[in-house]
Amino acid sequence: MSKSLTHIDSDGTARMVDVGAKAETQRIAVASGRIEMSAQALAAIRAGDAPKGDVLGTARIAGIMAAKRTSDLIPMCHPLMIDAVNLDFAFEADAIRATATASLTGRTGVEMEAMTATSIALLTIYDMAKALDKGMVIGAIRLVEKRGGKSGHWQAEGWGA
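None of the values given here were measured: they were computed from a predicted structure.

**Student:** Teacher, can you tell me more about the sheet that holds strand S5 (residues 154-155) here?
**Tutor:** What links the strands of a sheet is backbone hydrogen bonding, and the strands pair in either a parallel or an antiparallel sense. Judged by pairing direction, the sheet is antiparallel, and its five strands sit side by side in the order S2-S3-S1-S4-S5 without closing on themselves. Two strands close off the open sheet at either side, each with one partner strand: strand S2 (84-91) and S5. With two bridges joining them, strand S4 (residues 137-147) and S5 adopt antiparallel strand pairing. Opposite lysine 146, over in S5, you have tryptophan 154 as the bridge partner. Packed onto the sheet, helix H2 (residues 55-68) meets S2 and strand S3 (95-106) and runs at close to 145° relative to S2.

The following block contains the structure:
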């Protein structure tokens, strides 16, 4: 097996990576995604008039809760003591963009936690607004920046420009 596959042992068996010998460093990950929707749904969410209440407030809490439970959802993720998770929302012409930032001081990164927070925040927006638009489309969920650890700083091309 390839040595570059960190979650596969020499016999090809899935395994959790041993991070015990790694140094603790400050680590930050930022993930982003969007949910496209009708003008009616977008206007209702912006005005706070969605049938189920505060859509973005609920999505923010759901995303934070999800980040804290990432290791329960993704088999090879380590349970982490996250220092902070923040979710920001931005209205676009036909969508809402969710951006999650997760941070910790530890031996492994928080990329999966940031992406989980983003995904669940977007799913929560869908759930809270589906009475207005069942055809909403969630997409473009991706890591856009990470800092810390062995690989240092990485930023997606065009992000933050």
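**Student:** Sorry if this is basic, but what is going on with the pattern of salt bridges here?
**Tutor:** By the definition in use, this model includes nine salt bridges. Across the salt bridge formed by glutamate 36 and arginine 34, the nearest N and O atoms sit 3.0 Å from each other. For arginine 34, a relative accessible area of 16% translates into the label buried. A salt bridge links aspartate 127 to lysine 130; its shortest N-O distance comes to 2.8 Å. Aspartate 127 gets classed as partly exposed once you look at its relative accessible area, which sits at 33%. On the accessibility criterion, lysine 130 (33% relative accessible area) is partly exposed. Each member of the salt-bridge network shares a partner with another, and the members are Arg34, Glu36, Glu92, Asp94 and Arg97.

**Student:** It is not clear to me how the side chain of arginine 34 should be interpreted in this structure. Could you clarify?
**Tutor:** Assignment of secondary structure puts arginine 34 in strand S1 (residues 25-36). Within polar-contact distance, the side chain of arginine 34 engages the side chain of glutamate 92 at 2.8 Å. The residues contacting arginine 34, other than those within four sequence positions of it, are Glu92, Asp94, Ala95, Ile96, Arg97, Leu122, Val137, Ile138, Gly139 and Ala140.

**Student:** Would you mind showing me how to read the nonpolar core here?
**Tutor:** Grouped burial of nonpolar side chains is what soluble globular proteins tend to show. Among the nonpolar cores identified, the biggest contains 30 residues, and Met37, Ile45, Phe89, Ile96 and Ile125 are the most heavily contacted of them. Breaking this core down by element, the ones donating at least two residues are S1, helix H1 (39-47), H2, S2, S3 and helix H4 (111-129). At seven residues, H4 tops the list of elements feeding residues into this core. The contacts of phenylalanine 89, once residues within four sequence positions are left out, are Leu56, Ala59, Arg60, Ile96, Arg97, Ala98, Ala121 and Ile125.

**Student:** Is there a simple way to explain H2 in this structure?
**Tutor:** Think of an α-helix as turning once every 3.6 residues; residues three or four places apart then point the same way. Taking 1.5 Å as the rise per residue, H2 with 14 residues should run 20 Å; its terminal C-alpha atoms sit 20 Å apart, in good agreement. Among the residues of H2, those classed as buried are Val55, Leu56, Gly57, Ala59, Ala62, Gly63, Ala66 and Ala67. Here the buried face of H2 lies against H1, helix H3 (70-73), S2, S3 and H4. For H2, the capping residue at the N-terminal end is aspartate 54, with a side-chain oxygen 2.9 Å from the backbone nitrogen of glycine 57.

**Student:** Would you take a moment to explain the packing of H2 against H4 for this structure?
**Tutor:** The description of two helices packed together rests on the angle between their axes and the distance between the axes. Contact pair H2 / H4: the axes reach a minimum separation of 7 Å and the direction vectors enclose 145°. Viewed along their axes, H2 and H4 form a crossing whose handedness is right-handed. Of the residues in H4, those in contact with Val55, Leu56, Thr58, Ala59, Ala62, Gly63, Ala66 and Ala67 of H2 are Glu113, Thr116, Ala117, Ile120, Ala121, Thr124, Ile125 and Met128. In terms of residue class, the contact of H2 with H4 is built from 11 nonpolar, four polar and one charged.

**Student:** Just checking my understanding: could you explain unusual backbone geometry for this structure?
**Tutor:** Negative phi values dominate among residues other than glycine, just as trans dominates among peptide bonds. Even without glycine at this site, alanine 140 takes up a positive phi of about 55°. Looking at the element boundaries, alanine 140 is found in strand S4.

**Student:** For this particular structure, what's the right way to read the environment of asparagine 86?
**Tutor:** Among the secondary structure elements, asparagine 86 is positioned in strand S2. With 31 residues separating them along the chain, asparagine 86 and alanine 117 place their C-alpha atoms 8.9 Å apart. Excluding residues within four positions of it along the chain, asparagine 86 makes contact with Thr99, Ala100 and Thr101.

Calculation notes
Residues numbered from 1 in each chain as written. Predicted model: local features only at pLDDT ≥ 70, side-chain atom pairs only at ≥ 80, totals over all residues. Heavy atoms only, no water. Pairing = 2+ DSSP bridges. Helix = DSSP H or I, 4+ residues; strand = E, 2+ residues; numbered from the N terminus. Contact = heavy atoms within 4.5 Å. Axes fitted to C-alpha atoms, helices over the stretch in contact; angles between N-to-C directions. Salt bridge = Lys/Arg side-chain N within 4 Å of Asp/Glu carboxyl O. Buried < 20%, exposed > 50% of the residue type's maximum accessible area, 1.4 Å probe, protein only. Polar contact = N/O pair within 3.5 Å; in protein donor to acceptor, adjacent residues only side chain to side chain. Core = buried A, V, L, I, M, F, W, Y, C linked by side-chain atoms within 4.5 Å. Expected span 1.5 Å × (residues − 1). Left-handed = near helix turned anticlockwise from the far one by under 90°. Nonpolar A, V, L, I, M, F, W, Y, C, P; charged D, E, K, R; others polar.

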